[in-house]
Amino acid sequence: MRRKFFSKGFSLLLVLSLVLALFSGCSSKTNENASDEKDADKPKATADAPGWQSNKDPITFDWYVNFSWFAHKWGDDAVSKYVTDKTGVSVNFISPAGNEAEKMNTMIASGKLPDFITIGWWEDAVKKMIEGELVLPLNELADQYDPYFYKVADGAKVEWYKQEDGNTYGYPNASSSPKDFDKYKDLKPSNQTFLVRKDMYEAIGSPDMSTPEGFLKALEAAKKEFPEVNGAPLIPFGLNEFTDVGNTSLEGYLQNFLNIPMEKDGKVYDRSQDPEYLAWLKTFREANDKGLLAKDIFIDKRPQMEEKISQGRYFAMLYQRSDLAAQQHALYAKDPNSVYIAVDGPANSNGDGPALAGDSISGWTVTLISKDVKDKERAIQFLTYMISEEGQMDLYMGKEGETYDMVNGKPEFKPEVLELLNKDRAAFDQQYGASFKYWMLMDTNMSLAWAPPASEPFKQMEDWTKGKTVSYAEFDGISPTGTSAEGVAASKIAQEWGKTLPKLLLAKSDKEFDKIFNDFLKKRDSFGYEKVEKYQQEIYEKNKEKLDAAS
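Let me sum up the structure you'll find in this document. Quick caveat: nothing in here was measured; it's all calculated off a predicted structure. (Residues numbered from 1 in each chain as written. Predicted model: local features only at pLDDT ≥ 70, side-chain atom pairs only at ≥ 80, totals over all residues. Heavy atoms only, no water.)

Of the consecutive residues E456 and P457, the connecting peptide bond is found in the cis state with omega at 20°. Take P457: it is sitting in the loop between α19 (425-431) and α20 (459-465). Notably, N408 is not glycine yet its phi reads approximately 50°, a positive angle. Secondary-structure assignment places N408 in the loop between β15 (404-407) and β16 (410-413). In this structure, S435 takes a positive phi of about 50° despite not being glycine. By secondary structure assignment, the location of S435 is in the loop between α19 and α20. (Helix = DSSP H or I, 4+ residues; strand = E, 2+ residues; numbered from the N terminus.)

Here it is, written out as structure tokens:
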């Protein structure tokens, strides 16, 4: 009886299951058909049609920016609202709270990354992400979802970033191909400057600071004349922040001011051992010995530096001019004479002019798309939009009629927008968000067609660098990264240099300086510097071939 009941019940269940499966199948098929019909209604992305126009449904991408100082939010200004309205894409920016390298390494170790990643192209993490298959090839995404990418991307840049597997994983910002560099080199200033506070500099007689003697005397005079700034001690000389691998002001910037060659007789030159370079590092050591290097410069991070720049507490700085825009505005508003101006900085013993870095083909940062991206199609389409002329103009100028008007066929910021840009950069960013607030994929050549002419207090700094720029593109990426033997050696050497550099400046004598430096060279050799040199030479020669092909 029980067996009979079970048998009958089972039969009923079987029938019910079949019916449900049938309807479920119909429903699924109906949904698929509906989806297919919906997809069929969408305009298809083609080589001539931007993919982002095919789908404007709301989506939010997580975008990691590997700079702890980046604190902007998407959606609180006119530009980001306009771009979201136009494309359906919103962005959730994420930046590290502390050490950038530690944050990147932690994310890489976890095997999971945010949708987009923007990071300095030179960072070891770039290669780790590619080798670890944590990021997607942009060319494969473009092939599958948005061939329009090839119409707007610079072929020379795509080729430059092509890896050994034939794929390109990152797209640069602030990049100039060889043709672009030749075309714009007289129009585009370098970002590398030696700055002094105008009123202090003039008050001590506008001295020549290009020689070690003149530099030290000027710092001494400034400290004596202006021991305090609004009740706080003067900082006679400022630099970029010290990191665990060194200090950019005391490496490439200083070496370019000293016009130290990158190669000699076709061989990559070790600039760190150049006598002119070591002489100036000893000058800074002497400055510290004389009490002219404040402790602040060894410990401050960028937020603290920016606060002190806005207070005008530095007398002189070896620093990038574009990164003090908001602070320069604040100083200018208080007193136009308290701003920073560019003057001749450290020079070599022959008095040669500087050879400052212009935009190279590697650019400043690269942006990559994670394998974990929540929507591959929308991601490559949004990237394509951002690097296109339309996207570049949207991000730089904003919305026509709201932030700019067309005047004689050329977009011009509305007077009130331009006034705020020239008066208060922080307020401009907050309200409008144009003019490279979102710089992750900025094309600094393309924007020349729209950018308003520089005005004070920035024009002087820009003009000083014009005609002094060179391209160092053939040396981009010659330092090995990643987990190869060369990469490991280079990483150890960089970490050792990061420990050594402040010790050199803090040395009590030139003799102690020499010992510290020679100890570094010995450790460098023990870490495998020979392998690094060989790698650098090989990549340099390959780069030259690639650049010749792109020219």
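Within the largest apolar cluster, 70 residues are counted, with the highest numbers of intra-cluster contacts made by F194, M209, F237, L281, F315 and L505. The biggest single contributor to this core is helix α21 (residues 485-506), with seven residues. If you look at the next biggest cluster of nonpolar residues, it comprises 54 residues, including F67, V79, V89 and V373. (Core = buried A, V, L, I, M, F, W, Y, C linked by side-chain atoms within 4.5 Å. Buried < 20%, exposed > 50% of the residue type's maximum accessible area, 1.4 Å probe, protein only.)

Here we come to the pattern of salt bridges. Counted according to the given criterion, the structure contains 31 salt bridges. Salt-bridge contacts for K290 lead to E220; the nearest nitrogen and oxygen are separated by 3.9 Å. Residue K290 is located in the loop between α12 (275-289) and α13 (296-299), and its partner E220 is located in helix α10 (residues 212-225); the two are separated by 70 residues in the primary sequence. According to the relative accessible area criterion, K290 is partly exposed, its value standing at 40%. E220 gets classed as partly exposed once you look at its relative accessible area, which sits at 34%. In this structure, R321 engages E462 in a salt bridge whose closest nitrogen and oxygen atoms are separated by 4.0 Å. (Salt bridge = Lys/Arg side-chain N within 4 Å of Asp/Glu carboxyl O.)

Glancing now at helix α5 (residues 138-145). Among the residues of α5, L138, N139, L141, A142 and Y145 are the ones counted as buried. Down the axis, α5 shows its buried residues gathered within 160° of arc, on one side only. Opposite its buried face, α5 presents the exposed residues D143 and Q144, each directed more than 90 degrees away. Close packing links the buried residues of α5 with α6 (149-152), β4 (170-172), β14 (365-369) and α16 (376-387). (Arc of directions from axis to C-beta. Contact = heavy atoms within 4.5 Å.)

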